[in-house]
Amino acid sequence: MKSKSDGFVALDFVSRPGAGRKIMNFVRRESIFTQGSVCDSLFYVQSGKVKITVLSNRGKEAVLAIMGDGDFFGEGAVTGQAKRLSSASAFTDCVVTRISRSALLKILHQEHVFSDYFVKYLVTRNERFEEDLVDQLFNSSEKRLARILLLLARYGKPGKPQPVIPHISQETLAEMVGTTRSRVSFFMNRFRKMGFIEYSHGHMNIHNSLLNIVLHD
């Protein structure tokens, strides 16, 4: 995002206010947008965590993803989607940039630095969704939990691995894995005893050695 072209800096566009762009602060559990609301903007996470959920007709909520620093969400605005298919809320205190659809489409047409980055990001996200589907279909719940924890710790992304979200509940992890809370509790205790995770000052720290669970057949 730091690359430049004709004086344009992609990072500046998503991190600073301007025409069609607004910096917004949300406190933990505050709603950012709701399922069924008008889909007229894209969001970029500057700091913090954002939870993406979907609600069934029967009122059952499922956690689709936890977005972190540098992630986009609400990208249905790009394709002209009329209504939000999911809800977004602050999982921790967070700072996000709201980019209106008109401002987004304009910059995508005018600035190749940003459009190239955004397309690459969406392709990477699509690959992640495919990996999630394969994970759900073929891997055990233990492997799925280990993979989710590594993703939450942003394993493999630039920068130092960070602690997983403070106070993340086992109920939330169970929803993301697709298993029961008791199974998540069993595996989390196992991971802790094996030294893959540790708790410190309300944070859960993930060690790269947890990757052994994912790779083990």
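See the structure shown above.
Keep in mind that this is a model prediction, so the values were computed, not measured.

### What about the overall build of the protein?
And step 1. Counting its regular elements, the protein contains seven helices and twelve strands.
And step 2. Going through the 217 residues of the protein one by one, you find that 41% of them count as buried.
And step 3. For the protein, the share of sequence-separated contacts (at least 6 apart) that also reach a separation of at least 24 residues comes to 69%.
And step 4. As presented, the protein carries roughly 12100 Å² of accessible surface, and 53% of it is formed by carbon and sulfur atoms.

### Some thoughts on the nonpolar core
And step 1. Core analysis: the largest hydrophobic core is formed by 27 residues, its most contacted members being Ile32, Val50, Met67, Phe72, Phe73, Val96 and Phe114.
And step 2. By size, the runner-up hydrophobic cluster in this structure holds 25 residues, among which are Val177, Phe191, Ile197 and Ile213.

### Regarding the side chain of Ser41
And step 1. Within the secondary structure, Ser41 is located in strand 5 (residues 41-47).
And step 2. According to the relative accessible area criterion, Ser41 is buried, its value standing at 1%.
And step 3. Within the structure, Ser41 has its side chain in polar contact with the side chain of Asp40 (distance 3.4 Å).
And step 4. Dropping the residues within four chain positions of it, Ser41 is found in contact with Gly74, Ala77, Arg84, Arg98, Ile99, Ser100 and Arg101.

### Comments concerning the packing of helix 3 (residues 112-138) against helix 4 (residues 141-152)
And step 1. Where helix 3 contacts helix 4, the two axes come as close as 10 Å, and the packing angle between them is 155°. Taken together, helix 3 and helix 4 sit at an angle that is classed as roughly antiparallel. Once helix 3 is placed against helix 4, the crossing between them reads as left-handed. Together, Arg128, Glu131, Asp132, Asp135 and Gln136 of helix 3 and Arg144, Arg147 and Leu151 of helix 4 make up the contact between the two elements.

### Some details on the sheet that holds strand 3 (residues 21-26)
And step 1. The strand order across the open sheet built from four strands is 3-10-5-8, with neighbouring strands paired in antiparallel fashion. With one partner strand each, in any of the chains shown, strand 3 and strand 8 (72-73) form the two edges of the open sheet.
And step 2. Sitting on the sheet, helix 2 (residues 101-110) touches strand 5 and strand 10 (94-100), and the angle it makes with strand 10 is about 75°.

### Points about unusual backbone geometry
And step 1. At Arg29, a residue that is not glycine, the phi angle is positive and equals roughly 75°.
And step 2. Tracing the chain through its elements places Arg29 in the loop between strand 3 and strand 4 (31-33).
And step 3. Accessibility expressed as a relative area gives 68% for Arg29, which makes it exposed.

### Side note on the environment of Thr92
And step 1. Tracing the backbone through its elements, the reader meets Thr92 in the loop between strand 9 (87-90) and strand 10.
And step 2. Separated by 42 residues in sequence, Thr92 and Val50 have C-alpha atoms that sit 7.0 Å apart.
And step 3. Of the polar contacts made by the side chain of Thr92, one reaches the backbone nitrogen of Lys49; its length is 2.9 Å.

### Concerning the pairing of strand 12 (residues 203-206)
And step 1. Every second residue of strand 12 is oriented toward a common face, the buried set being Met204 and Ile206 and the non-buried set His203 and Asn205.
And step 2. Direction of pairing for strand 11 (residues 197-200) relative to strand 12: antiparallel, over a ladder of four bridges. Residue pairing across strands places Ile197 opposite Ile206, the latter belonging to strand 12.
And step 3. With antiparallel pairing between neighbouring strands as the criterion, strand 11 and strand 12 make up a hairpin whose turn holds two residues, including His201 at a positive phi of roughly 55°.

### Details of the pattern of salt bridges
And step 1. One pass over the structure, following the stated rule, counts six salt bridges.
And step 2. A salt bridge links Glu75 to Arg125, with the shortest nitrogen-to-oxygen separation between them at 2.8 Å. Within this pair, whereas Glu75 is found in the loop between strand 8 and strand 9, its partner Arg125 is found in helix 3, the two being separated by 50 residues in sequence.
And step 3. With relative accessibility at 21%, the residue Glu75 sits in the partly exposed group.
And step 4. In this structure, Arg147 and Glu131 form a salt bridge, with 3.3 Å as the shortest nitrogen-oxygen distance.

### Remarks on the side chain of Ser141
And step 1. The residue Ser141 is located in helix 4 in this model.
And step 2. Once residues lying within four places of it in the same chain are set aside, the contact partners of Ser141 are Val177, Thr179, Arg183 and Phe187.

Conventions we followed
The numbers attached to residues start from 1 for each chain and follow its sequence in the written order. Since the coordinates come from a predicted model, pLDDT governs what is reported: local features require at least 70, and pairs of side-chain atoms require 80 or more to be given and counted, while whole-chain, interface and lining totals use all residues. Calculation of side-chain values draws on the structure's entire complement of heavy atoms; hydrogens and water are dropped beforehand. In this description a helix means any DSSP run of H or I spanning at least four residues, a strand means any run of E spanning at least two, and both kinds are numbered starting from the N terminus. Type-normalised accessible area, obtained with a 1.4 Å probe on protein chains alone, sets the label of each residue: buried when under 20%, exposed when over 50%, and partly exposed for intermediate values. Contact between two residues is taken to exist if any of their heavy atoms lie within 4.5 Å; hydrogens are not considered. Method for areas: the Shrake-Rupley scheme with a 1.4 Å probe, in which residue coverage is limited to the protein chains shown. Here, nonpolar core refers to any group of buried Ala, Val, Leu, Ile, Met, Phe, Trp, Tyr and Cys residues whose side-chain atoms link them within 4.5 Å. For the purposes of these results, a polar contact is taken to be a pair of N or O atoms within 3.5 Å, where, inside protein, one atom must be able to donate a hydrogen and its partner to accept one; residues adjacent in sequence count only when each atom of the pair is a side-chain atom. With axes taken as lines fitted to C-alpha atoms, and helix axes fitted only over the stretch in contact, angles between N-to-C directions fall between 0 and 180 degrees. Put simply, angles under 35 degrees are roughly parallel, angles over 145 are roughly antiparallel, angles from 65 to 115 are roughly perpendicular, and the rest are oblique. For any helix crossing, the convention is left-handed if the near helix is rotated counterclockwise from the far helix by under a right angle, and right-handed if that rotation is clockwise. The criterion for strand pairing is that DSSP finds at least two bridges linking the strands in question. Salt bridges are identified by distance alone: a Lys or Arg side-chain nitrogen within 4 Å of an Asp or Glu carboxyl oxygen.

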